[in-house]
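# Observations on the model geometry
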Amino acid sequence: RTPFRALAMKPFTIWFTGVPGSGKTVLSKLLTSHLRSNGIACAMLDGYDIRKRTGDLLGFAASARKVHAVYCAVAAAVLNDSGICVSASFVSPSRDSREEARRIVGDERFFEVYLTCKADLAKARAPNPAWVGIHVSYEESRQADLQLDTTDDKPERSVELVLEMLQERRAI
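Summarised in this report is the structure supplied together with it. (Residues numbered from 1 in each chain as written. Predicted model: local features only at pLDDT ≥ 70, side-chain atom pairs only at ≥ 80, totals over all residues. Heavy atoms only, no water.)

Right, let's talk about the environment of Gly23 for a bit. Summarising the element assignment, Gly23 is placed in the loop between strand E1 (13–17) and helix H1 (24–37). Separated by 66 residues in sequence, Gly23 and Ser89 place their C-alpha atoms 9.0 Å apart. Here Gly23 is in contact with Leu115 and Arg125, once residues within four sequence places are set aside. (Helix = DSSP H or I, 4+ residues; strand = E, 2+ residues; numbered from the N terminus. Contact = heavy atoms within 4.5 Å.)

Their axes nearest at 9 Å, the elements helix H3 (residues 62–81) and helix H4 (residues 95–105) cross at an angle of 25°. In terms of orientation, H3 lies roughly parallel with respect to H4. The interaxial crossing formed by H3 with H4 has right-handed handedness. Packed against H3, whose contacting residues are Lys66, Ala69, Val70, Ala73, Val74, Ala76, Ala77 and Asn80, the element H4 presents Asp96, Ser97, Glu100, Ala101, Ile104 and Val105 at the interface. Of the residues contributing to the contact of H3 with H4, the split by class is nine nonpolar, two polar and three charged. (Axes fitted to C-alpha atoms, helices over the stretch in contact; angles between N-to-C directions. Parallel < 35°, antiparallel > 145°, perpendicular 65-115°, else oblique. Left-handed = near helix turned anticlockwise from the far one by under 90°. Nonpolar A, V, L, I, M, F, W, Y, C, P; charged D, E, K, R; others polar.)

Right, let's get into a nonpolar patch on the surface. A contiguous nonpolar patch, built from Leu57, Leu58, Val67 and Tyr71 and spanning about 410 Å² of accessible area, is present on the exposed surface. Position of Leu58 relative to the elements: it lies in the loop between helix H2 (47–54) and H3. Leu58 sits in the partly exposed class, given a relative accessible area of 33%. (Patch = residues over 30% accessible without salt bridge, like charges linked within 9 Å, V, L, I, M, F, W, Y side chains within 5 Å. Areas by Shrake-Rupley, 256 points an atom, 1.4 Å probe, with all protein chains shown as cover. Salt bridge = Lys/Arg side-chain N within 4 Å of Asp/Glu carboxyl O. Buried < 20%, exposed > 50% of the residue type's maximum accessible area, 1.4 Å probe, protein only.)

For Ser92, which is not a glycine, the phi torsion comes out positive at approximately 35°. With respect to the secondary-structure elements, Ser92 resides in the loop between strand E3 (85–89) and H4. Of note, the phi angle at Arg170 is positive, near 60°, even though the residue is not glycine. Its location among the elements puts Arg170 in the segment after helix H7 (155–168). By relative accessible area, Arg170 is classed as exposed at 74%.

Between its first and last C-alpha atoms H3 spans 29 Å; for 20 residues at 1.5 Å apiece the expected length is 28 Å, and the two agree. Of the residues making up H3, those classed as buried are Ala64, Arg65, His68, Ala69, Cys72, Ala73, Ala76, Ala77 and Asn80. Phi turns positive, to about 90°, at Gly83, one or two residues after H3. (Expected span 1.5 Å × (residues − 1).)

Turning next to the pattern of salt bridges. Inspection of every chain in the model, using the stated rule, returns ten salt bridges. Between Arg53 and Asp49 there is a salt bridge, with the nearest N and O atoms lying 2.9 Å from each other. Here Asp49 and Arg53 lie together in helix H2, a separation of four residues that amounts to about one turn. Here Arg53 falls in the exposed class, since its relative accessible area comes to 67%. Its salt-bridge partner being Arg102, residue Glu112 comes within 4.0 Å of it at the nearest N-O pair. Note that Glu112 is positioned in strand E4 (residues 110–116) and Arg102 in helix H4, a separation of ten residues in sequence. Taking the relative accessible area as the measure of exposure, Glu112 reaches 2% and is therefore buried. Because the salt bridges share partners, they merge into one network encompassing Arg98, Arg102, Asp107, Glu112, Asp145 and Arg169.

Laid out in structure tokens, this is it:
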């Protein structure tokens, strides 16, 4: 007998994406906590955390960002293959990198959640304000499973909307 419901369901990856400071990490943490408290095995992968742990191994050039997204998508796929859901938070500014992440994880278990907010608020929220200038332009999502404007919504409300989407898609 397992304490996790993950064995009775198909694991999935929620890929929070958006500019630095749009709320990706906050929502990912809240979602991870909610899923775990409801008996669903869930791991969190966060771009800022991964970069802190790996230092400047890859850098921020466009090609390095794509490699970073691919490695993180592979990690998410491996976790999903092991029966663990993933709540991922990555800027992944290019559409190509997000599409590649979807391909690696698998379209049937990949849910892109695109976060938007006002630029001045994103800059104020960014964990490292210098990163806002490092990131080149963000290519708006055309394939998001859900788009949320985090300018005014409370994080808890945004997570409720993610959970509703997961329920509608019969992921949970």
